[in-house]
Amino acid sequence: MNRYDGFHEFVLARQQALTRSAYLLTGDAHLAEDLMQSVLLKVANHWPRLVRHGTPEAYTRKAMINQYISWRRRKQPESPSADPPERGHAHDDATIDRIILRQALARLTPRQRAVIVLRFYEDLSEQATAEILGCSLGTVKSQTHHALGRLRALAPELSELFAEIEEVRR
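None of the values given here were measured: they were computed from a predicted structure. Along every chain, residues carry numbers that run from 1 in the direction the sequence is written. Totals for whole chains, interfaces and linings use every residue, but because this is a predicted model, local features are given only for residues with pLDDT of at least 70 and side-chain atom pairs only at 80 or more, for both listing and counting. Just so you know, side-chain values use all the structure's heavy atoms and leave hydrogens and water out.

**Q** I'd like a rundown of the overall build of the protein chain, residues and numbers included.
**A** We count a stretch as a helix when DSSP gives it H or I for four or more residues in a row; a strand needs E for two or more, and each element gets its number in order from the N terminus. A tally of regular secondary structure across the protein chain gives 9 helices and 0 strands. In the protein chain, the succession of helices and strands from N to C terminus is α-α-α-α-α-α-α-α-α. The burial tally for the protein chain puts 38% of its 170 residues in the buried class. The criterion used for residue contact is that any of the two residues' heavy atoms lie within 4.5 Å. Sequence separation of 24 or more characterises 64% of the internal contacts of the protein chain that already satisfy a separation of 6 or more. Working note: accessible area of the protein chain is about 10,100 Å², and carbon and sulfur atoms make up 52% of it. Burial here depends on accessible area, computed with a 1.4 Å probe over protein chains only, as a share of the maximum for the residue type. Under 20% is buried, over 50% is exposed, and the range in between is partly exposed. Calculation of accessible area relied on Shrake-Rupley with a 1.4 Å probe; when residues are assessed, cover is drawn exclusively from the protein chains displayed.

Have a look at this one:
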């Protein structure tokens, strides 16, 4: 039996979802690819143990969050423009909203951004998010509250979107 049995299949099955998470965390396609490569190397090194314990996806997501936070500590923070892009004729409102949201996400702390990505893009429960981040349920709740408040302040033009999120949370 090869120590990497099932690893290739795991990557093929989960690559799209994991890459989407990496992109949402980093805000950059190239950095997302770098993050994925770095994390998948770690996953491959621990593959036999992960398979034995049945936790490959949870470990992968936790490693991705930790690696992203580690990179953000070492690198200069992103400094996107506070002003939304000018509305051009080639973009619809949804495109502009995505750009504004991406810029606002980039200005959150790494932990807040991770919570938003896991809770609202990956649609994980508060408990699952807490387990991946290695923190308490209360921390997830408070980080979510603070992150949504910060997003509201950074992108007031998306107030309808945030109102929908708040309604879903109730």
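Don't stop here, the text continues.
**Q** So, helix α1 (residues 7-26): which residues are in play, and what are the values?
**A** One less than the number of residues in a helix, times 1.5 Å, gives the span that helix is expected to have. Relative to the 28 Å expected for 20 residues at 1.5 Å per residue, α1 spans just 24 Å between its end C-alpha atoms, considerably shorter than the ideal helical length. Maximal helix bending in α1 amounts to about 60°, located at R14. Every buried residue of α1 is listed here: F7, F10, V11, A17, L18, S21, A22, L24, L25 and T26. After α1 finishes, the residue G27 shows a positive phi value of roughly 75°. Fitting axes to the seven residues that end at a residue and to the seven that start at it, the angle between those axes gives the bend at that residue.

**Q** Describe the layout of surface pockets, and please don't skip the residues or the numbers.
**A** With a 1 Å grid spanning the protein atoms alone, the term cavity applies to any set of points in which a 1.4 Å probe fits but cannot get out, the term pocket to an open set with protein on both sides within 12 Å along at least five of seven lines, and the term lining residue to any residue with an atom within 4 Å of a point. Grid points are joined across faces, edges and corners, and a volume is the space filled by probe spheres set on the points. Estimates place the volume of the second largest pocket at around 170 Å³. Lining the second largest pocket are Y23, L24, R98, I99, L101, R102, L105, R113 and Y121. Only α1, α5 (93-106) and α6 (110-121) provide two or more residues apiece to the lining of the second largest pocket. Looking at which element gives the most residues to the lining of the second largest pocket, the answer is α5, with 5 residues. Any residue outside Ala, Val, Leu, Ile, Met, Phe, Trp, Tyr, Cys, Pro, Asp, Glu, Lys and Arg is labelled polar, Gly included; the first ten of those are nonpolar and the last four are charged. Of the residues in the lining of the second largest pocket, the class split is 6 nonpolar, no polar and 3 charged.

**Q** I'd like to hear about a negative patch on the surface, residue by residue, with values.
**A** Patch definition: residues with relative accessible area over 30% and no salt bridge; like charges joined within 9 Å; nonpolar side chains (Val, Leu, Ile, Met, Phe, Trp, Tyr) joined within 5 Å. Salt bridges, as used here, are contacts in which a Lys or Arg side-chain nitrogen is within 4 Å of a carboxyl oxygen on Asp or Glu. Positive charges come from Lys and Arg alone, negative charges from Asp and Glu alone, with His and the N- and C-terminal ends not counted. Taken as the charge location is NZ of Lys, CZ of Arg, CG of Asp or CD of Glu. Residues D97, E157, E160 and E164 make up a contiguous surface patch of negative charge. As for its placement among the helices and strands, E160 is situated in helix α9 (residues 159-169).

**Q** Explain the packing of α1 against α6 to me, using residue names and the numbers behind them.
**A** At a minimum axis distance of 9 Å, the contact between α1 and α6 shows a crossing angle of 140°. Taken as axis vectors, α1 and α6 run oblique relative to one another. Remark: the crossing between α1 and α6 carries right-handed chirality. Of the residues in α6, those in contact with S21, Y23, L24, L25 and T26 of α1 are R113, A114, V117 and Y121. Looking at side-chain class alone, the contact of α1 with α6 contains 6 nonpolar, 2 polar and 1 charged residues. Helix axes use the C-alpha atoms of the stretch in contact, all axes being lines fitted to C-alpha atoms, and the angles between their N-to-C directions lie in the range 0 to 180 degrees. Oblique is the label for every angle not falling under 35 degrees (roughly parallel), over 145 degrees (roughly antiparallel), or within 65 to 115 degrees (roughly perpendicular). Crossing handedness: left-handed means the near helix sits turned counterclockwise from the far one by under a right angle, and right-handed means the same turn made clockwise.

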